[in-house]
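The primary structure of each chain is shown beneath.
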Amino acid sequence: MDDDGRGEDRLRLLVRSVQDYAIFLLDTGGRITSWNAGAERIKGWTAEQIIGQHFSVFYPPEDVAAGKPAWELEVAAREGRLEDEGWRVRQDGTRFWANVVITALFDERHRLEGFGKVARDMTERRAAEEALRESEERFRLLVQSVQDYGIFMLDPGGHISSWNAGAERIKGWTAEEIIGQHFSVFYPPEDVAAGKPAWELEVATREGRLEDEGWRVRQDGTRFWANVVITALFDERHRLQGFGKVTRDMTERRNAEQALRERRRLVGHLVDAQEVERRRIAWDVHDESIQSMVAVAMRLQLLASRLPEPHASAVAGLDESVQAAIGRLRGLVSRLRPPELDRHGLVEAVSGYVDDVAGRWGLAHSVRDELTAEPSPAAAITLYRICQEALSNVHKHARATRVDLHLSTVDNGTLVRITDDGVGMAAGDAAAGHFGMVEMYERAEAAHGWLSVKSTPGRGTTVEFWLPILPDVPGLEP
Ligand SMILES: Nc1ncnc2c1ncn2[C@@H]1O[C@H](COP(=O)(O)OP(=O)(O)OP(=O)(O)O)[C@@H](O)[C@H]1O
Ligand SMILES: [Mg+2]
């Protein structure tokens, strides 16, 4: 008995001091008869201020007008308890979102003694839920309106259950037309016959996701090249709920890639044919013209040694012209067929060329060699040709006083930088009908490398290019 009394005291103390719940009692008429710390914290009134007042002060005017407080007590009295969520009013007039449980209290003879009321302030949780709902709604809107991706859902059996704007744009069907249909309508007949749609769902279910690229069919029967990702959607108990499917139309990219590959193949052929032709001409010039001119020069020298003056001097003069012509032809041959490339490697060949031409053009020059690997013969020829064109441009256009070359090995490739201190050029200077630059770009790209030209008017030009060391493999993906 004593113990019971202390227990009850302790319980009363607990109720009085709980902060998170407003716990209070109403008499049968709805007047407040007790008040705890939580009620004061949540609603604002102190016990002295509120005890004796009718609990309808907690309700917004519209609820009071609708008779809600009285109705709630009626239901609680009839059914034993009532739970409600809704707006309530604090002492200072602000509102909060409350979860309220009203419990009817009966004595042992089943007469209503009053009500116990427990209220919680759920404003923050409600705000969090609201925020979540809003962000989900925004996300749904985003998915709905995305144009570049077809995003839709399938039920576990493969029937379409949602559809977005991108799916309509890419595939042609409207949501009304397609929802409920089986997704195999997107596959070409041969894929359907081979059981591909079902197989894709199986794999996605087993592995969580599946990515595929292939032909798909639009509503009008035309085909497009699609990139497809199917993701299996499981609930928290790991039961399959369906599939999410994201589709992109890659037709244009595929066409562009094919066109690029084709162009590179052609440029590669052209460049090869050009090299072969240049070598042939070089051999012809060397074997026929130079050889016979050398023979002529020898005869002239012999003749000059046997003739009296002034004929000897005249013939010697002829011999000089022939020697000069031979020199020019040798220069032509070496430009057509750079011989040092095969024998001494790239740096030697490029240095030789720069020494030769920059010397003749009166340009200060330097070659910095930081190569740690020799490029393949095919790459070396391309590198050499690009250097030739870049240097001839410096000569023809730059009005520079010096040109500097830097060769290094970077990223399994050869990086070459050619810098002049000339007049530079404005963007878009590459005039129509000039093919030197275009050819440099094409050569670099055909060899799976890149080339860039940086220039500021008045501040010189830098041509930089990189080619992989490995020989060009035709048809290799970039
Ligand atoms: N180093 C440079 N300094 C200044 N201008 C340059 C330089 N390199 C190229 N240019 C400009 O870019 C233009 C295009 O060069 P490109 O090599 O394509 O043609 P080109 O040399 O005039 O003719 P070709 O077809 O014989 O090479 C040049 O006409 C020139 O105006
Ligand atoms: Mg040029």
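Each chain carries its own residue numbering, running from 1 in the written order of its sequence. In the order they appear in the text, chains get letters beginning with A and ligands get numbers beginning with 1. Restriction of local features to residues with pLDDT of at least 70 applies here, the model being predicted, together with a cutoff of 80 or more for giving and counting side-chain atom pairs; totals for whole chains, interfaces and linings are based on all residues. To get the side-chain values, take all heavy atoms of the structure and skip hydrogens and water.

- As named in an unreviewed UniProt entry, the chain is histidine kinase, taken from Amycolatopsis pretoriensis.
- UniProt positions are given in the numbering used here, feature names are shortened, and annotations may be inferred rather than shown by experiment. UniProt lists a comment for the chain under the heading Catalytic activity (unreviewed entry), and it reads "ATP + protein L-histidine = ADP + protein N-phospho-L-histidine."

### Side note on the overall build of the chain
And step 1. Under the scheme used here, helices are H or I runs from DSSP no shorter than 4 residues and strands are E runs no shorter than 2 residues, and both carry numbers assigned from the N terminus. Counting its regular elements, the chain contains 16 helices and 14 strands.
And step 2. Restricting the calculation to C-alpha atoms gives the radius of gyration, and the globule rule supplies 2.2 Å times the number of residues raised to the power 0.38. The globule rule puts the C-alpha radius of gyration for 478 residues at 23 Å, and the 45 Å found for the chain is more than 25% above it.
And step 3. Overall, the C-alpha framework of the chain stretches about 160 × 60 × 45 Å when taken along its three principal axes.
And step 4. Relative accessibility thresholds used throughout: buried, under 20% of the residue-type maximum; exposed, over 50%; partly exposed, between the two (1.4 Å probe, protein chains only). When each of the 478 residues of the chain is scored for burial, the buried share is 37%.
And step 5. Residue pairs in contact within the chain that sit at least 24 positions apart in sequence constitute 51% of those at least 6 positions apart.
And step 6. Accessible surface for the chain amounts to roughly 27,600 Å². Of this, 54% is attributable to carbon and sulfur atoms.
And step 7. Mean positive and mean negative side-chain charge positions of the chain (60 and 77 charges, respectively) differ by 2 Å. Contact definition: two residues touch when any of their heavy atoms are within 4.5 Å. For the accessible areas, the method is Shrake-Rupley and the probe is 1.4 Å, while residue cover comes only from the protein chains on display. Within this scheme the basic residues Lys and Arg register as positive and the acidic residues Asp and Glu register as negative, but His and the chain ends are omitted. To locate a charge, take atom NZ for lysine, CZ for arginine, CG for aspartate or CD for glutamate.

### Some points on the coordination of the magnesium ion (ligand 2)
Angles between donor atoms at a metal ideally measure 109.5 degrees for a four-coordinate tetrahedral arrangement and either 90 or 180 degrees for a six-coordinate octahedral one.
And step 1. In the first shell of the magnesium ion (ligand 2), the protein supplies Glu389 (OE) and Asn393 (OD1), at 2.0 to 2.1 Å from the metal. With Glu389 and Asn393 both in helix H15 (residues 377–398) and 4 residues apart, the pair spans about one turn of that helix.
And step 2. Accessibility expressed as a relative area gives 22% for Glu389, which makes it partly exposed.
And step 3. By relative accessible area, Asn393 is classed as buried at 15%. Any N, O or S atom lying within 2.8 Å of the metal counts as a donor, and for Na, K and Ca the limit rises to 3.2 Å; water is left out, so some sites can look incomplete.

### Thoughts on the sheet that holds strand E4 (residues 112–121)
And step 1. Strand pairing requires that DSSP identify at least two bridges connecting the strands. The 4 strands are arranged E1-E4-E3-E2 in an open sheet whose pairing can be described as antiparallel. This sheet does not close on itself; its edge strands, each paired only once, are strand E1 (22–26) and strand E2 (81–89). Shown here is a sheet whose adjacent strand axes are inclined to one another by a mean of 25 degrees, direction ignored.
And step 2. Of the pairings in the sheet, the one linking strand E3 (residues 95–106) to E4 comprises 9 bridges and is antiparallel in character. Residue pairing in the sheet places Val100 in a bridge with Ala119 of E4.
And step 3. Lying on the sheet, helix H5 (residues 68–79) is in contact with E1, E2, E3 and E4; it crosses E2 at an angle near 160 degrees. All axes here are fitted lines through C-alpha atoms, helices being fitted over the stretch that makes contact, and every angle between N-to-C directions spans 0 to 180 degrees.

### A few points about the site of ligand 1
And step 1. Ligand 1 sits among 13 residues. The nearest are Asn393, His397, His434, Phe435 and Met437.
And step 2. Polar contacts, as counted here, are pairs of nitrogen or oxygen atoms within 3.5 Å of one another; within protein the pair requires one atom able to donate a hydrogen and one able to accept it, and residues that are adjacent in sequence qualify only if both atoms are side-chain atoms. Within the contact set of ligand 1, an oxygen atom lies 2.7 Å away from a side-chain nitrogen or oxygen of His397.
And step 3. In the model, an oxygen atom of ligand 1 is placed 3.2 Å from a nitrogen or oxygen of the Gly436 main chain.
And step 4. Compared with its free state, where it exposes 600 Å², ligand 1 has 84% of that area covered by protein.
And step 5. At the level of secondary structure, the elements contributing two or more residues to the shell around ligand 1 comprise H15 and helix H16 (436–446). We call a residue near a molecule or strand whenever a single non-hydrogen atom of that residue lies within 4 Å of it.

### Some remarks on the sheet that holds strand E14 (residues 461–468)
And step 1. A sheet is described by the order of its strands in space; here 5 strands give the open sequence E10-E11-E12-E14-E13, paired in mixed fashion. The sheet is open, and its two edges are formed by strand E10 (364–370) and strand E13 (450–455), each paired on a single side. Across the sheet, the mean angle from the axis of one strand to that of its neighbour is 10 degrees, orientation sign disregarded.
And step 2. Sheet contacts for H15: strand E11 (402–410), strand E12 (413–420), E13 and E14; angle to E12, the most-contacted strand, approximately 10 degrees.
And step 3. The sheet contacts of H16 involve E13 and E14, and relative to E13 the element is tilted by about 145 degrees.

### Thoughts on the domain arrangement of the chain
And step 1. Once the domains are mapped, the chain shows domain 1 (11–122), domain 2 (146–249), domain 3 (257–337) and domain 4 (345–478).
And step 2. Residue ranges for the domains trace back to a domain assignment, done automatically or taken from a database. Just the C-alpha atoms count here: the centres of domain 2 and domain 4 sit 49 Å apart.

### Re the environment of Ala198
And step 1. Within the element layout of this structure, Ala198 appears in helix H10 (residues 196–207).
And step 2. Measuring from C-alpha to C-alpha, the distance between Ala198 and Phe106 comes to 64 Å, with 92 residues separating the pair along the chain.

### Quick word on the packing of helix H11 (residues 251–306) against helix H12 (residues 311–336)
And step 1. For the pair H11 and H12, the least separation of the axes is 9 Å and the interaxial angle reads 165 degrees. Viewed along their axes, H11 and H12 adopt a mutual orientation that is roughly antiparallel. Handedness of the crossing formed by H11 with H12: left-handed.
And step 2. In terms of residue class, the contact of H11 with H12 is made up of 20 nonpolar, 4 polar and 3 charged. Each angle receives one of four descriptions, namely roughly parallel if under 35 degrees, roughly antiparallel if over 145, roughly perpendicular if within 65 to 115, and oblique otherwise. Helix crossings are classified by the rotation of the near helix relative to the far one: an anticlockwise turn of less than a right angle makes the crossing left-handed, while a clockwise turn makes it right-handed. Residues were grouped as follows: Ala, Val, Leu, Ile, Met, Phe, Trp, Tyr, Cys and Pro as nonpolar; Asp, Glu, Lys and Arg as charged; and all remaining residues, including Gly, as polar.

### Thoughts on the pattern of salt bridges
And step 1. Any Lys or Arg side-chain nitrogen found within 4 Å of a carboxyl oxygen on Asp or Glu counts as a salt bridge. In this structure the tally under the stated criterion is 35 salt bridges.
And step 2. Asp84 is paired through a salt bridge with Arg88; the nearest N and O atoms lie 2.9 Å apart.
And step 3. The class for Arg88 is buried, based on a relative accessible area of 0%.
And step 4. Note that Glu211 is salt-bridged to Arg209, the shortest N-O span being 3.3 Å.
And step 5. By relative accessible area, Glu211 is classed as partly exposed at 47%.
And step 6. Three or more residues joined by partner-sharing salt bridges are found here, namely Asp63, Lys68, Glu72, Asp84 and Arg88.

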